[in-house]
Structures are given as C-alpha cells and as structure tokens.
Amino acid sequence: MRSEALLVAFVLASGARWSPMPLFPFEFVTVGSYRVYGDSTNFGEARKLLGSAGLQRVGHGHDAVSFICYLGGDAKEAFTLALETDDEMGGPEQSILRVRVVRRGYEAGLDRRCSPLRVRAKLPTTDRGIRLGMTRQEIEKILGRGGRDSSGVLIYERTETRKGSTCPSYDATSRLALQFAEGRVVALSGYRGNFC
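Conventions and cut-offs
- Residue numbering note: each chain is counted from 1, following its sequence as written.
- Only residues with pLDDT of 70 or above have their local features reported here, since the model is predicted, and side-chain atom pairs are shown and tallied only from 80 upward, although totals for entire chains, interfaces and linings are computed over all residues.
- As a rule here, side-chain values cover all heavy atoms of the structure and leave hydrogens and water aside.
- Only protein chains enter the area calculation, which uses a 1.4 Å probe; residues under 20% of their type maximum are buried, those over 50% are exposed, and those in between are partly exposed.
- Helix and strand labels come from DSSP, where a helix needs a run of H or I of at least four residues and a strand needs a run of E of at least two; each type is numbered from the N terminus.
- This arc describes the spread of directions from the helix axis toward the C-beta atoms.
- Pairing of N or O atoms within 3.5 Å defines a polar contact, subject to two protein rules: one partner must be a possible hydrogen donor and the other a possible acceptor, and residues neighboring in sequence count only if both atoms are side-chain atoms.
- Note on definitions: a residue-residue contact is assigned when non-hydrogen atoms from the two residues lie within 4.5 Å.
- One bridge is not enough; two strands pair if DSSP finds at least two bridges between them.
- In this description, a disulfide is simply a cysteine sulfur pair whose atoms lie within 2.5 Å.

1. Focus: helix α2 (residues 43–50)
Of all the positions in α2, only F43, A46 and L50 are classed as buried. For α2, the arc enclosing every buried residue in end-on projection is 60°, short of the 170-degree limit, so these residues lie on one face. Here α2 starts with a cap whose side-chain oxygen sits 3.0 Å from the backbone nitrogen of G44, and that cap is N42. One or two steps after α2, the chain reaches G51, where phi turns positive at roughly 115°.

2. What about the environment of I139?
Looking at the element boundaries, I139 is found in helix α3 (residues 136–143). In this structure I139 comes out as buried when scored by relative accessible area, which is 0%. Note: C-alpha distance between I139 and L154 (15 residues apart in sequence) is 9.6 Å. Among residues more than four places away in sequence, those in contact with I139 are I130, M134, G144, L154, Y156, L178, F180 and V185.

3. Regarding unusual backbone geometry
The phi torsion at E182 lies on the positive side, around 55°, for a residue other than glycine. Within the secondary structure, E182 is located in the loop between β11 (169–181) and β12 (184–195). By relative accessible area, E182 is classed as exposed at 82%.

4. Brief notes about the sheet that holds strand β2 (residues 34–37)
The three strands lie next to each other as β2-β1-β8, forming an open sheet whose pairing is antiparallel. In this open sheet, the two edge strands, each paired with only one partner strand, are β2 and β8 (125–126).

5. Side note on the environment of L123
Within the secondary structure layout, L123 lies in the loop between β7 (115–116) and β8. Sequence spacing of L123 and A78 is 45 residues, and the spatial spacing of their C-alpha atoms is 7.8 Å. Excluding residues that lie within four positions of it along the chain, L123 makes contacts with E77, F79 and L132.

6. Some points on the state of the cysteines
Applying the stated criterion across every chain, the model contains one disulfide. Between the sulfur atoms of C69 and its disulfide partner C114 the distance amounts to 2.1 Å. On the sign convention where negative is left-handed, the bridge of C69 and C114, at about -100° about the S-S bond, is left-handed. Here C69 is found in strand β4 (residues 65–72), whereas its partner C114 is found in the loop between β6 (98–103) and β7, with 45 residues between them in sequence. Its relative accessible area of 1% is what places C69 among the buried residues. Look at C114 and you get buried, because its relative accessible area is 11%.

Quick look at the structure:
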C-alpha cells in the first residue's frame, strides 16, 4: 500500500474528517428551500425567489452599498435578511456580494426599511451550517479555531488563486463575520467574490 493511501486510511479509521483542501467559510445561505449565492445570485433572481423589495442605499459615491432586505421568521426566531452589492446602481442584474442575517431589532433602523419575506423560512443557514443563535463553541466545531476575533466579532477568511477563462488567474475570496451578544451569534455576514 502506498504511503499516501495508508495515511488516508489511518485518518479515516481514526474518525477524523479528512479534506484535501480547506473549504471556504461562506458560499451561500439557504432561505426556505432557496439558496442565495454570494457571488452568482443577482437582485432580480433574489426578488423572484424571495418577493419584491425596494432598493436601499447607504453611503455615497464609490463608498455606497446598495441592498435589498427582508423580514422573516416567527416571533421566537425573527430575523432580517439583507442582500448587498458594492455597485452604486444596484440594478437587477447586479450580483449579490454580501449576505447578512441579523436578529430582528439588533441593528437599529434596518427593520423599518425591509419587505416581508414571501417564503416561509426558519433561520437562514449558511452552506457550512452556521445560523443565528449558535454559540462560539458550536461555530468552532464546524469552522475550527482559525477565526480572527475582533471586539466580539469572529472572522473567518480564505483567498485562493484559481485559473480562469476570462483572465489567466483570479483570486477567489470568501469571508464570514459572526457577531456575538450574550455568547450567541446575533448577526452574520457572508461575502464571496472573484477578482482578476
């Protein structure tokens, strides 16, 4: 038996999870039965899946963030879902770059501007199983202890260079920021982008 195969057999027999390459901390969030991807779903598609929502803007000029947002969940698990882009115009074809899920009422003023979510949904969950209400210990069990901690915000990031078709190589970036209050996640922000 080759040494690589023996190592894989040993790792699997020990019960440890083996992965040839670490996964990105964020790719998409599931809302009801729909997946909203951080780099390929656009505003038009999101509105078709989740319901109509007016375009909001925060900031000015090149610092502007355009977003649409929704209110969902029941009284116990009420949340706000914001889908953001860094494009000033925020047209229907603009790709969503950042997905934020916030416990309702946690971010002052955001809830007043959002539309009701058309689909019945429990708490949105990332592709890695992260959702509001989880403890840091639960998060680290899934994503590991590699996150950077800054003032109650735990950040996981990963960038890798990939070969592309429109440019010779590009950087694929993924970032997940988790904000805690009273030991539990009250806000999560997932970002996914590709840069030539």
